[in-house]
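# An overview of the molecular structure
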Amino acid sequence: MATKVTLRQKPISGDRHSLYLDFYPEIVHPDTGKLTRREFLGLYVYDKAKIAIDRQTNKETLQLAESIKAQRQLDIQKGDFGFLSDRKKKSDFVAYFKALAEKRKGTNSDNWRSALNYLVDFTGGTLSFSDLTVQGCNKFKEYLETVKSKRSNKATLSQNSVVSYFNKIKVALKQAYKDGYLETDINAKLSNPRTEETKRDYLIIEELNKLVQTDCGMPILKQAAIFSALTGLRFSDIEKLIWGEIQHSRERGYFIQFRQQKTKGVETLPISEQAFGLLGERGKPSDRVFAGLKYSAYMNTHLVKWMAKAGIAKNITFHNFRHTYATLLLTNGIDIYTVQKMLGHKNLKTTQVYAKIIDEKKQIAANSIKIDFSNQS
């Protein structure tokens, strides 16, 4: 829907009306990065223009306001929001990035905040959009590849942390270009850092059964984690899951219709009766299924304690329950294309990481058979 510009008046003191432009739908404010409906012009007309000079002043002021309105509408139709470009260029990219980071939720918000911390250190806390260049962004990438990790202060960042943090910068640059802060799409000119394949921890079925039999200091965490292992849902999708998204039919059994928080894709995910049975009594359609579940350091502490209590020495995060789901499906002979659909992956390459885990297990199984040939004749 194209934005329409309307000239409006607001009563102020002294029998005057302040003139402002009303934008609908909203436009992005150049300084705050937030949506706004109004731009006050610093012009006003008299409410009761009885004197000829006042009438003439009103007429000239309204003509000027109409001229500005026409220019704004033209700028919007051209798609460049030129009337805001000068102020936008002077706006602070670091502040803009911080505003984007604050909108993120769950585990993803931690990565955005970490990326922000390194951006602040690199820039000194401020960087105008007019000073953003491809060369400068590449220097920030080099900085990430050499800077000491804030967690250990000894080792450098892992390569995948570099990839994650730099990708957040690229996302912000892409959005800033759309919002009219940048004249060129800097993001499109940047190459991604090299990705390092990481080991994906998962639980075998025996370990999962141990966790089911072990109490957790945060019962809702245990409920959500086991549900993730049975459905493959991410924490962000489980956290926002409502009862209206959980459906049942005689032909299809239980299934969830939802929009993925990460990819924004609409998915229909079949779930087992066991998974449904974990959820307890059905609430109202708009009620959260896992009411009270919220990502926090406190939750992670309980997760670590739960693992230790069950005698599991692996470094398991909540996301590893999704890895567990994928690995168990492949172990049980489900083809990789079906697993891709069940996980909601857009790219098969993402799913193939789990196939490598299964290949490793096959190799271990093959090498487990040992025959003693030492005494053969």
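These lines cover the structure that appears in this document, whether it is placed above or below. All values derive from a computational prediction rather than experimental measurement. (Residues numbered from 1 in each chain as written. Predicted model: local features only at pLDDT ≥ 70, side-chain atom pairs only at ≥ 80, totals over all residues. Heavy atoms only, no water.)

### Points about the pairing of strand S1 (residues 4-12)
- In this structure, S1 lies alongside strand S2 (residues 16-28), joined through 9 bridges in antiparallel fashion. Within S2, the residue paired with glutamine 9 across the bridge is leucine 19. (Pairing = 2+ DSSP bridges. Helix = DSSP H or I, 4+ residues; strand = E, 2+ residues; numbered from the N terminus.)

### Things to note about the sheet that holds strand S3 (residues 35-46)
- Ordered by their spatial adjacency, 3 strands build an open sheet running S1-S2-S3, and the pairing between neighbours is antiparallel. The sheet is open, and its two borders are formed by S1 and S3, each paired with just one other strand. Taking the axes of each pair of neighbouring strands and ignoring which way they run, one obtains an average angle of 25° across the sheet. (Axes fitted to C-alpha atoms, helices over the stretch in contact; angles between N-to-C directions.)

### Here we look at the nonpolar core
- If you look at the biggest cluster of nonpolar residues, it comprises 51 residues, and the most contacted ones within it are Leu211, Phe227, Phe290, Trp306 and Phe321.
- For this core, the element with the highest residue contribution is helix H8 (residues 219-231), accounting for 7 residues.
- Leave out the neighbours within four places in its chain, and phenylalanine 321 touches Leu203, Leu208, Leu211, Ala225, Ser228, Ala229, Leu303, Trp306, Met307 and Ile316.
- Counting residues in hydrophobic clusters, the runner-up holds 31 residues, among them Ala101, Leu119, Leu144 and Ile169. (Core = buried A, V, L, I, M, F, W, Y, C linked by side-chain atoms within 4.5 Å. Buried < 20%, exposed > 50% of the residue type's maximum accessible area, 1.4 Å probe, protein only. Contact = heavy atoms within 4.5 Å.)

### Quick notes on the environment of isoleucine 242
- Its place among the elements puts isoleucine 242 in the loop between helix H9 (235-239) and strand S4 (246-249).
- A C-alpha to C-alpha distance of 9.2 Å links isoleucine 242 and alanine 291, two positions 49 residues apart in sequence.
- For isoleucine 242, the contacting residues outside a window of four places in its chain are Pro285, Ser286, Asp287, Arg288 and Val289.

### Topic: helix H3 (residues 93-103)
- Of all the residues in H3, the buried ones are Phe93, Val94, Tyr96, Phe97, Leu100 and Ala101. Taken down its axis, H3 places every buried residue within 160° of arc, on the same side. Of the residues in H3, the exposed ones pointing more than 90 degrees away from the buried face are Glu102 and Lys103.
- Capping the start of H3, aspartate 92 holds a side-chain oxygen 3.1 Å from the backbone nitrogen of valine 94, two or three residues further along. (Arc of directions from axis to C-beta. Polar contact = N/O pair within 3.5 Å; in protein donor to acceptor, adjacent residues only side chain to side chain.)

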